[in-house]
Amino acid sequence: MRSVIDIVDLTTEELDGLIETAVDIIENPQKYSEICHGKKLATLFFEPSTRTRMSFEAAMYELGGNVISMTDAGSSSAAKGESVADTAKTVSCYADIIAMRHPKEGAAYVAAKAASIPVINAGDGGHCHPTQTLADLLTIYREKGGFNNLTVGLCGDLKFGRTVHSLINALSRYEKIKYVLISPEELKLPSYVKRDSIKSRNIPYIQTTELESVMPELDILYMTRVQRERFFNEEDYLRLKDSYILTPDKLQNAKKNLSIMHPLPRVNEISVSIDDDERACYFKQVLNGKYMRMALILKLLKEAGTI
Ligand code: CP
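*Asks:* Would you explain the nonpolar core in this entry?
*Replies:* Where a protein is soluble and globular, its nonpolar side chains tend to be buried together. Core analysis: the largest hydrophobic core is formed by 56 residues, its most contacted members being Leu154, Ile168, Leu171 and Tyr179. In terms of domain composition, this core takes at least three residues from each of domain 1 (7–129 + 289–303) and domain 2 (131–285). Apart from the residues lying within four places of it in its own chain, the contact partners of Leu171 are Leu137, Ile140, Phe147, Val152, Ile177 and Tyr179. Counting residues in each nonpolar core, the second largest holds 20 residues, with Val180, Val214, Met223 and Leu264 among its members.

*Asks:* Can you help me understand the site of the ligand in this one?
*Replies:* Close to the ligand lie Ser49, Thr50, Arg51, Thr52, Arg101, His129, Gln132, Pro263 and Leu264, which account for all nearby residues. At 2.6 Å, a side-chain N or O of Ser49 approaches an oxygen atom of the ligand. One of the backbone nitrogen or oxygen atoms of Thr50 is found 2.8 Å away from an oxygen atom of the ligand. Bound to the protein, the ligand loses 92% of the 260 Å² it would expose on its own.

*Asks:* What exactly am I supposed to notice about the domain arrangement of the chain here?
*Replies:* Each assigned domain of the chain is listed here: domain 1 (7–129 + 289–303) and domain 2 (131–285). Across the contact, 32 residues belong to domain 1 and 24 residues belong to domain 2. Taken over both partners, the interface formed by domain 1 and domain 2 buries close to 2,200 Å², and the fraction arising from carbon and sulfur atoms is 59%. Of all residues in domain 1, Ile7, Arg51 and His129 give up the largest surface area on contact with domain 2, accounting jointly for 28% of the area buried on that side. Counting every contact that joins domain 1 to domain 2 gives one salt bridge.

*Asks:* Which parts of the structure should I look at to understand the packing of aromatic side chains?
*Replies:* How two aromatic rings sit relative to each other is given by the distance of their centres and the angle of their planes. Applying the stated criterion across every chain, the model contains three aromatic pairs. Ring centres 4.7 Å apart and planes at 45° place the aromatic pair Phe147 and Tyr174 in the tilted group. Taken together, the residues span a long stretch of sequence, with Phe147 in the loop between α5 (130–144) and β5 (151–155) and Tyr174 in the loop between α6 (162–171) and β6 (178–182) at a distance of 27 residues. For the pair shown, Phe147 and Tyr174 are each scored as buried. Put simply, the rings of Tyr141, Phe147 and Tyr174 pair up and form one aromatic cluster. Its end group placed over the ring of Phe56, Arg293 keeps NZ or CZ at 5.2 Å from the ring centre.

*Asks:* Would you explain the packing of α6 against helix α7 (residues 191–198) in this entry?
*Replies:* Two measures define how a pair of helices packs: the angle their axes make with one another and the distance between the axes. One way to put it is that α6 packs onto α7 with a least axis distance of 9 Å and a crossing angle of 15°. In terms of axis orientation, α6 runs roughly parallel to α7. Relative to α7, α6 is oriented so that their crossing is right-handed. Residues His165, Ile168 and Asn169 of α6 form the contact with α7, whose own contacting residues are Tyr192, Val193, Ser197 and Ile198. Its residues assigned to classes, the contact of α6 with α7 comprises four nonpolar, three polar and no charged.

*Asks:* Please explain helix α2 (residues 51–62) as it appears in this structure.
*Replies:* Residues lying three or four places apart along an α-helix face the same way, a consequence of the helix completing one turn every 3.6 residues. With twelve residues, α2 should cover 16 Å at 1.5 Å per step; its first-to-last C-alpha distance of 16 Å lies within 8% of that length. All of the buried residues along α2 are Thr52, Arg53, Ser55, Phe56, Glu57, Ala59 and Met60. Tucked into the core, α2 has its buried residues touching β1 (40–45), β2 (66–70), β3 (97–102), β4 (119–124), α5 and α9 (282–303).

*Asks:* Just checking my understanding: could you explain the sheet that holds strand β8 (residues 220–223) for this structure?
*Replies:* Backbone hydrogen bonds are what pair the strands of a sheet, in a parallel or an antiparallel way. The strand order across the open sheet formed by five strands is β7-β6-β5-β8-β9, and the pairing between neighbours is parallel. Among the strands making up the open sheet, the edge pair consists of β7 (205–208) and β9 (259–261). Going across the sheet, the axis of each strand differs from the next one's by a mean of 15°, ignoring polarity. As judged from the four bridges shared by β6 and β7, these two strands associate in the parallel manner. Of the residues in β7, the one forming a bridge with Val180 is Ile206. The strands that α5 touches are β8 and β9; relative to β9, the one it contacts most, it runs at about 165°.

*Asks:* Sorry if this is basic, but what is going on with the environment of Ile203 here?
*Replies:* Mapped onto the secondary structure, Ile203 falls in the loop between α7 and β7. Counting along the chain gives 28 residues from Ile203 to Glu175, while the straight-line C-alpha distance between them is 9.3 Å.

Each value, and the rule that gives it
- Residues numbered from 1 in each chain as written.
- Predicted model: local features only at pLDDT ≥ 70, side-chain atom pairs only at ≥ 80, totals over all residues.
- Heavy atoms only, no water.
- Core = buried A, V, L, I, M, F, W, Y, C linked by side-chain atoms within 4.5 Å.
- Buried < 20%, exposed > 50% of the residue type's maximum accessible area, 1.4 Å probe, protein only.
- Domains from an automatic or database assignment.
- Contact = heavy atoms within 4.5 Å.
- Near = heavy atom within 4 Å.
- Polar contact = N/O pair within 3.5 Å; in protein donor to acceptor, adjacent residues only side chain to side chain.
- Areas by Shrake-Rupley, 256 points an atom, 1.4 Å probe, with all protein chains shown as cover.
- Buried area = accessible area lost by both parts, 1.4 Å probe.
- Salt bridge = Lys/Arg side-chain N within 4 Å of Asp/Glu carboxyl O.
- Phe/Tyr/Trp six-rings, centres within 6.5 Å; stacked < 30°, edge-to-face > 60°.
- Helix = DSSP H or I, 4+ residues; strand = E, 2+ residues; numbered from the N terminus.
- Lys NZ or Arg CZ within 6 Å of the ring centre and 35° of its normal.
- Axes fitted to C-alpha atoms, helices over the stretch in contact; angles between N-to-C directions.
- Parallel < 35°, antiparallel > 145°, perpendicular 65-115°, else oblique.
- Left-handed = near helix turned anticlockwise from the far one by under 90°.
- Nonpolar A, V, L, I, M, F, W, Y, C, P; charged D, E, K, R; others polar.
- Expected span 1.5 Å × (residues − 1).
- Pairing = 2+ DSSP bridges.

In structure tokens:
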């Protein structure tokens, strides 16, 4: 049974195919509005979410399907000690596809091994968040017309920011990408991500703690939240949380066609006064996430022979 746990589970051709489907959904929504009639998506969220859970649910409804949902692990049998594997086996009896978020790295993989229906990882700890990457890719595609020849600045918590790890893996497959990695020393990109997705492909990159000095080079600025929930020590979080706050004055030397992205939720990383700047793309990412999740649900249900 095909599941999507990590962005590496999708080939570059498949990523391009999902974008093509999403664009067709945007242009011809009626064509897709009954495809999943009679089918059910189960959303299992063991960790808080607004965008990912609601966009998966909106995606299934817009495909004509239905949704069953576990939004609070505390009110499920997980609170009595039921394992992720047993939960996945149980939900396989009720639904056709699962979208699952869990605080532990690897939990989605465990669920996929146990389930008899496709499982989509909606975020597992600090590891992966492949459908956020799909949202990011569609946004970049719609803003820039493609993925080649881009200088991409990634700023903030590059250590725990799972969306950053997945996005780097996806963008590294395209031509003439360059990365500018902007973070405090303590929140640098993990060496395994650098090794597997950047160095192994000889992709040029620089690491810096300074945002303003590199701003003029960037085609994309991907801001991230410092991930409080992944810190062992509240003192370290408080010291690092406001390392980068994007305000209009910091954009003075930025390109006119810079795309400012953020997976959201934001805390202080981007001033609300930037929301009306035409370069702000973060609420476009939210909407694009729904279209890409529709495309992914369709792909996995078709491959499973369910539709
Ligand atoms: N970007 C994202 O995953 O948002 P939520 O945590 O609200 O789902």
